[in-house]
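Topology and contacts: notes
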Amino acid sequence: MKNFNIALIPGDGIGPEVIAEGVKVLKAIENMDSTISFTFTMFPWGCEYYLENGKMMDNDGIDKLKSVDAIYLGAVGYPGVPDHISLWDLLLRIRKDFDQYVNLRPVTLLKQSLTPLKSKTEKDIDFLVIRENSEGEYAGAGDRLFKGKKEEVVLQTGVFSRKGTERIIRYAYEEARKSNRTLTSISKGNALNYSMVFWDEVFDEIGKEYPDVKTYSYLVDAASLYFVTDPERFEIVVTSNLFGDILTDLGAAITGGLGLATGANINPEKDFPSMFEPVHGSAPDIAGKGIANPIAAIWSVSQMMDFFGEEQWGEAVLSSIKNILNETEQLTPDLGGSASTGTVGDRFVELLTAYADAEIFTN
Ligand code: NAD
Ligand code: IPM
Ligand code: MN
């Protein structure tokens, strides 16, 4: 029996609504597969916790998370607490303290009718964005001088270390080599004359070790255009923290929206736990209404299973997502249905069970 310890941080807004459905899926896997069990530990951290306790997580929160096998997070941030505090003290804190320097965000169209791009099909939109997740524009280096005065000066410094830049680019080359896909670097060396010039140099330097990998390099502005006009150019993409953040919301837009986009924050060395979460935020505009789409959070379960080495379940969850997408009425309003968050989760578990009966337990 393999037991996996999972820390649950549902967080704010729709975070708890979608994580509840993901947990249903994990429990269904546990019920079906006698070789796997999960132990869940719930952490009530987030903006409500902050308003009560004056902090986003326990003082020893990072220590409490250190020994788990994975963190499953909903969303962080809500009106009433400044975003830069809530995010820096919880989500970004975990990514940084646990050196989750790889952020894997698939941009995969699962059903043609979900893309707003005319004439694009599933085979045209199927790539993986590998986002640098520990430094760069998110280094948090800066200062604010003469606050409120007319001489006020604000600095926000990007930090691109050789170690940080090399390791993410190398990870991307390895992934491209392993999966026999092309690798595209997205940067902005024409304007960011230190950081992105360095990024481009490192991309070329490391590329010498991977002559078998076909590469492309685009400026981020043109790359944004190509995401929309020719997404088929992309197979594996590697980019900086901020560019990866922005581009993956665009990636969500061309594949059915934020209700379907997932991301894994990985510490490849496994010195620390990795974290699985939907790309979307707490969606205050729909929170509490029971209409949040839980599929992005459920796709995170697929990424988590792959990370645990339980690929047959990763595949089962992804295939069941494709299956539920064919039942439009069973989906939430963002995908044209009228189902509630909980109904989607329940129907999903039925489909996963049917899939597992047919594909896993008969083999
Ligand atoms: P958001 O991702 O929360 O919402 C953007 C839009 O997408 C909204 O219209 C929302 O209704 C819709 N949407 C998002 N997820 C959805 C889902 N599962 N189903 C249906 N519709 C969905 O972005 P925002 O409004 O810019 O940010 C809200 C808060 O969340 C802010 O505090 C922000 O800092 C935070 N945030 C957190 C994370 C995270 O925790 N990973 C990510 C992004 C934003
Ligand atoms: C994301 C989010 C975060 C980020 C925010 C909430 C700090 O937008 O995970 O995409 O920018 O990384
Ligand atoms: Mn984002």
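Our structure's up above, just so we're on the same page.
Residues numbered from 1 in each chain as written. Chains lettered and ligands numbered in written order. Predicted model: local features only at pLDDT ≥ 70, side-chain atom pairs only at ≥ 80, totals over all residues. Heavy atoms only, no water.

Attention now goes to the overall build of the protein. When its secondary structure is counted, the protein shows 11 helices and 12 strands. Here the C-alpha radius of gyration of the protein, 20 Å, is about what a compact globule of 363 residues would show, namely 21 Å. Put simply, the protein has 363 residues, and 54% of those count as buried. Counted over contacts in the protein with a minimum sequence separation of 6, partners at least 24 positions apart contribute 74%. For the protein, the accessible area works out to roughly 15600 Å², and carbon and sulfur atoms hold 52% of it. Side chains of the protein give 34 positive and 54 negative charges; the mean places of these two sets differ by 4 Å. (Helix = DSSP H or I, 4+ residues; strand = E, 2+ residues; numbered from the N terminus. Rg over C-alpha atoms; globule rule 2.2 N^0.38 Å. Buried < 20%, exposed > 50% of the residue type's maximum accessible area, 1.4 Å probe, protein only. Contact = heavy atoms within 4.5 Å. Areas by Shrake-Rupley, 256 points an atom, 1.4 Å probe, with all protein chains shown as cover. Lys, Arg positive; Asp, Glu negative; His and termini not counted. Charge placed at Lys NZ, Arg CZ, Asp CG, Glu CD.)

With that out of the way, let us pick up the environment of V102. Considering the arrangement of structural elements, one finds V102 in strand 4 (residues 102–108). Taking the relative accessible area as the measure of exposure, V102 reaches 0% and is therefore buried. Remark: the alpha-carbon pair of V102 and P268, spanning 166 residues in sequence, is separated by 7.5 Å. Ignoring sequence-local partners within four residues, the contact set of V102 consists of I130, R131, N133, I168, Y171, A264, N265, I266 and P268.

In terms of nonpolar packing, the biggest core is built from 89 residues, with I29, Y72 and W313 touching the most fellow members. Formed by 23 residues, the second largest nonpolar core is a distinct cluster that contains I9, M56, L87 and I94. (Core = buried A, V, L, I, M, F, W, Y, C linked by side-chain atoms within 4.5 Å.)

Among the secondary structure elements, G314 is positioned in helix 10 (residues 311–324). Taking C-alpha positions, G314 is 8.6 Å from W299, a pair spaced 15 residues apart along the chain. When sequence neighbours within four positions are dropped, the list of residues in contact with G314 reads S302, M305 and D306.

If you check the shell around ligand 2, you find L87, R95, R105, R131, Y138, D245 and V279 and nothing else. A distance of 2.8 Å separates an oxygen atom of ligand 2 from a polar side-chain atom of R105. At 2.5 Å, a side-chain N or O of Y138 approaches an oxygen atom of ligand 2. Tallied by class, residues from the shell around ligand 2 come to 3 nonpolar, no polar and 4 charged. (Near = heavy atom within 4 Å. Polar contact = N/O pair within 3.5 Å; in protein donor to acceptor, adjacent residues only side chain to side chain. Nonpolar A, V, L, I, M, F, W, Y, C, P; charged D, E, K, R; others polar.)

Here the focus is the site of ligand 1. Close to ligand 1 lie 22 residues, the nearest being V76, D83, G281, A283 and D285. Between ligand 1 and the protein, one listed contact pairs an oxygen atom with a side-chain N or O atom of D285 at 2.8 Å. In the environment of ligand 1, a nitrogen atom lies 2.9 Å from a nitrogen or oxygen atom belonging to the backbone of N293. Here ligand 1 loses 71% of its free accessible area of 810 Å² to cover by the protein chains. With 3 residues, helix 4 (residues 83–97) is the largest single contributor of residues to the shell around ligand 1. When grouped by side-chain class, the residues that make up the shell around ligand 1 number 12 nonpolar, 6 polar and 4 charged.

Moving on, we come to the pairing of strand 2 (residues 36–42). Relative to strand 2, strand 1 (residues 2–11) runs parallel, the two sharing 7 bridges. Within the sheet, the bridge partner assigned to I6 lies in strand 2 and is F40. Considered for its hand, the β-α-β crossover made up of strand 1, helix 1 (residues 15–32) and strand 2 is right-handed. (Pairing = 2+ DSSP bridges. Right-handed = clockwise from strand over helix to strand, strands pointing away.)

Moving on, we come to the packing of helix 5 (residues 162–179) against helix 6 (residues 195–207). At a closest axis distance of 10 Å, the pairing of helix 5 and helix 6 adopts a crossing angle of 50 degrees. By the angle between their directions, the pair helix 5 and helix 6 is classed as oblique. At the point where helix 5 passes helix 6, the crossing takes the right-handed sense. When helix 5 is examined against helix 6, the residues R162, T165, E166, I168, I169, R170 and Y173 are found in contact with a partner set consisting of F198, W199, V202, F203, E205, I206 and G207. Looking at the contact of helix 5 with helix 6, its residues break down into 8 nonpolar, 2 polar and 4 charged. (Axes fitted to C-alpha atoms, helices over the stretch in contact; angles between N-to-C directions. Parallel < 35°, antiparallel > 145°, perpendicular 65-115°, else oblique. Left-handed = near helix turned anticlockwise from the far one by under 90°.)

What follows concerns a nonpolar patch on the surface. A grouping of L145, F146, V153 and L155 is seen on the molecular surface, where their side chains present a nonpolar patch of about 330 Å² in accessible area. Following the sequence through the fold, V153 ends up in strand 7 (residues 153–159). (Patch = residues over 30% accessible without salt bridge, like charges linked within 9 Å, V, L, I, M, F, W, Y side chains within 5 Å. Salt bridge = Lys/Arg side-chain N within 4 Å of Asp/Glu carboxyl O.)

This part covers the packing of helix 1 against helix 11 (residues 341–359). Taken N-terminus to C-terminus, the directions of helix 1 and helix 11 make an angle of 25 degrees; their axes are 9 Å apart at the nearest point. One element, helix 1, and the other, helix 11, form an angle in the roughly parallel class. Helix-helix and strand crossings are classified by hand; for helix 1 and helix 11 the assignment is right-handed. Taking contact as the criterion, the partners of E17, E21, K24, V25, A28, I29 and M32 in helix 1 are, on helix 11, T341, G342, G345, D346, F348, V349, L352, T353 and A356. Classifying every residue of the contact of helix 1 with helix 11 gives 8 nonpolar, 4 polar and 4 charged.

As a further point, take the pattern of salt bridges. In a structure, side chains of opposite charge can pair up when their charged atoms sit close to one another. Enumeration according to the criterion identifies 21 salt bridges in this entry. Between R167 and D99 there is a salt bridge, with its nearest N and O atoms 2.9 Å apart. Taken together, the residues R167 in helix 5 and D99 in the loop between helix 4 and strand 4 connect sequence positions 68 residues apart. Residue class for R167 comes out buried when judged on its relative accessible area of 18%. Classification of D99 as partly exposed rests on a relative accessible area of 21%. When the shortest N-O distance is used, the salt bridge between E152 and R144 registers 2.6 Å. Given a relative accessible area of 27%, E152 falls into the partly exposed group. Residue R144 is classed as partly exposed on the basis of its relative accessible area of 47%. Among the ionic contacts, a cluster of salt bridges with common partners joins E21, K24 and D346.

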